[in-house]
Amino acid sequence: MVNLVIVGSVALDTVQTPFRIVKNVLGGSAVFSSVAASYFSKPGIVAVVGEDFPQEHVDFLKNRNVNLEGLEAEGKTFRWEGSYEYDMNEAHTKKTELNSFENFNPKLPKSYKKAKYVFLGNINPELQLRVLDQIKDPKLVMLDSMKLWIETKKKELLKVIKKIDVLLLNDGEARMLFDTPNLVKAGSEALKLGLECFIIKKGEHGVLLFSKEGFFAASGYPLENLKDPTGCGDSFAGGLIGYLESTQDISEKNIRKAIIYGSVIASFNAEDYSLNRLKTVALQDIQNRYTEFKKMGEF
Ligand code: AMP
């Protein structure tokens, strides 16, 4: 039985930073988030790849204990091309090829349907809803999205947001969705939709948490070796929900801890391209950086 289900993209990314370009490397919201979650939990993903998807990536995910029963193969793999300037908090999308996601109709394997934890990773909100509708009685549903869907599918996105517990957006997306320059206002507007928590990611500047119980802010990890932030939002989310699933505790206090674990994994992810850094990071490295984070917050 899978207790943490993740839907999102499995991608081949082409990424240009001020330092170099990498082409057709492993990426996608479901990949970064499931690998991050796998430090604590055994997630199962729902996604589609093409027949062109390299077997070595499938083997890597299997080795990380990611359940692939919900991964279909048809047509051509989703591709994303993006770039960053010196302000690496914002990705500039150059090209998105949905390919096999265009007509993807997710059918959840039986072993996923009773999952208590669900991460609706960044993908078309209509697909997010179709996945959520197949899960019986989830305990915690978290959702991430992006500007593309806020611009093109706002109505569908708001429909699914009304059914979830935790919304994750970056600061630009939060301003756009709630039509305000003020993140505190965006926070209270989000809670009015019935959410338990709204988490705003601010890249290198950390994270804000708005919840019914109050407010929490976590700083970003002071990272000297920043190479590629692609997947930081997804690995943050995966680390966060993986930790919550493993502790079976969704109190606000534990969500704060989970935010720090998510931030730690995201900070490692930015140290190299694609999944390269997460391929070598061990749980002990995560614990060590978590302790550093704790010290950073003391005053
Ligand atoms: P982030 O964590 O926000 O940096 O997400 C980066 C990942 O999002 C990349 O690996 C992309 O493949 C994936 N991505 C980009 N655009 C989309 C999209 N429209 N739908 C789903 N995934 C996307």
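Structure: above.
Trainee: Quick question: what am I supposed to make of the pattern of salt bridges here?
Mentor: Side-chain pairs of opposite charge can arise where the charged atoms are in close proximity. A full pass over the atoms with the stated rule returns 14 salt bridges. Lys116 is the salt-bridge partner of Asp137, the closest N and O atoms lying 3.7 Å from each other. Placement of the pair is Asp137 in the loop between helix H3 (125–133) and strand S9 (140–144) and Lys116 in the loop between strand S7 (92–97) and strand S8 (117–120), with a sequence separation of 21 residues. With a relative accessible area of 30%, Lys116 lands in the partly exposed category. Glu252 serves as the salt-bridge partner of Arg256, at 3.2 Å between the closest nitrogen and oxygen. Here the residue Arg256 and the residue Glu252 both occupy positions in helix H9 (residues 252–269), the gap between them amounting to 4 residues, near one helical turn. Under the relative-accessibility criterion, Arg256 is labelled partly exposed at 28%.

Trainee: It is not clear to me how the sheet that holds strand S13 (residues 214–218) should be interpreted in this structure. Could you clarify?
Mentor: Within a beta sheet, neighbouring strands are joined by backbone hydrogen bonds and run either parallel or antiparallel to one another. The mixed open sheet is built from 9 strands, whose spatial order is S5-S4-S1-S8-S9-S10-S11-S12-S13. At either margin of the open sheet sits one strand with a lone partner, and together these are strand S5 (67–73) and S13. Going across the sheet, the axis of each strand differs from the next one's by a mean of 15 degrees, ignoring polarity. By the bridge criterion, 3 bridges tie strand S1 (residues 4–7) to strand S4 (residues 44–49) in an arrangement that is parallel. Paired with Ile6 across the strands is Ile45, a residue of S4. Strands in contact with helix H1 (residues 29–37) are S1, S4 and S8; relative to S1, the strand with the most contacts, it is inclined by about 160 degrees.

Trainee: Please explain the site of the ligand as it appears in this structure.
Mentor: Neighbouring the ligand are 19 residues; Ser9, Asp13, Gly28, Gly231 and Asp234 lie closest to it. A distance of 2.5 Å separates an oxygen atom of the ligand from a polar atom in the side chain of Asp13. Gly28 places a main-chain nitrogen or oxygen 2.7 Å from an oxygen atom of the ligand. Surface burial for the ligand is 89%, taken as the share of its 510 Å² of free accessible area covered by protein chains. For the shell around the ligand, the secondary structure elements donating two or more residues are strand S2 (11–16), strand S6 (78–83), helix H4 (147–152) and helix H8 (232–247). Counting residues per element, the shell around the ligand draws most heavily on H8, which supplies 3 residues. Taken together, the residues that form the shell around the ligand break down as 10 nonpolar, 7 polar and 2 charged.

Trainee: How should I be thinking about the packing of aromatic side chains in this particular structure?
Mentor: Both the distance between ring centres and the angle between the ring planes are used here to describe each pair of aromatic rings. Scanning all chains against the criterion turns up 10 aromatic pairs. Between the aromatic rings of Phe78 and Phe101, the centroid separation amounts to 5.8 Å while the plane-to-plane angle is 90 degrees, which identifies the pairing as edge-to-face. Residue Phe78 is located in strand S6, and its partner Phe101 is located in the loop between S7 and S8; the two are separated by 23 residues in the primary sequence. Pair check on accessibility: Phe78 and Phe101 agree, each one buried. The rings of Phe40, Tyr243, Tyr261 and Tyr290 are connected pair by pair, giving a single aromatic cluster. Of note, Arg20 hangs over the ring of Tyr273, and the distance from its end group to the ring centre comes to 4.9 Å. A cation over an aromatic ring shows up here: Lys279 above the ring of Phe60, its NZ or CZ 4.9 Å from the ring centre.

Trainee: Sorry, what's going on with a positive patch on the surface here?
Mentor: A grouping of Lys110, Lys113, Lys114 and Lys136 is seen on the molecular surface, where their side chains present a positively charged patch. Looking at where Lys113 falls in the secondary structure, it is placed in the loop between S7 and S8.

Trainee: Would you explain the pairing of S4 in this entry?
Mentor: When a strand is regular, its side chains alternate between the sheet's two faces. Along S4, 6 of the 6 residues are buried, which leaves the element largely enclosed by surrounding structure. Going residue by residue along S4, you find Gly44, Val46 and Val48 tucked away on one face and Ile45, Ala47 and Val49 tucked away on the opposite face as well. Both S4 and S5 contribute to a ladder of 5 bridges, which runs parallel. Its bridge partner being in S5, Ala47 is matched across the sheet by Leu71. A crossover links S4 with its parallel partner S5, the connecting element being helix H2 (residues 55–63), and its sense is right-handed.

About the thresholds
Residues numbered from 1 in each chain as written. Predicted model: local features only at pLDDT ≥ 70, side-chain atom pairs only at ≥ 80, totals over all residues. Heavy atoms only, no water. Salt bridge = Lys/Arg side-chain N within 4 Å of Asp/Glu carboxyl O. Helix = DSSP H or I, 4+ residues; strand = E, 2+ residues; numbered from the N terminus. Buried < 20%, exposed > 50% of the residue type's maximum accessible area, 1.4 Å probe, protein only. Pairing = 2+ DSSP bridges. Axes fitted to C-alpha atoms, helices over the stretch in contact; angles between N-to-C directions. Contact = heavy atoms within 4.5 Å. Near = heavy atom within 4 Å. Polar contact = N/O pair within 3.5 Å; in protein donor to acceptor, adjacent residues only side chain to side chain. Areas by Shrake-Rupley, 256 points an atom, 1.4 Å probe, with all protein chains shown as cover. Nonpolar A, V, L, I, M, F, W, Y, C, P; charged D, E, K, R; others polar. Phe/Tyr/Trp six-rings, centres within 6.5 Å; stacked < 30°, edge-to-face > 60°. Lys NZ or Arg CZ within 6 Å of the ring centre and 35° of its normal. Patch = residues over 30% accessible without salt bridge, like charges linked within 9 Å, V, L, I, M, F, W, Y side chains within 5 Å. Lys, Arg positive; Asp, Glu negative; His and termini not counted. Charge placed at Lys NZ, Arg CZ, Asp CG, Glu CD. Right-handed = clockwise from strand over helix to strand, strands pointing away.

Keep in mind these values describe shape, not function.
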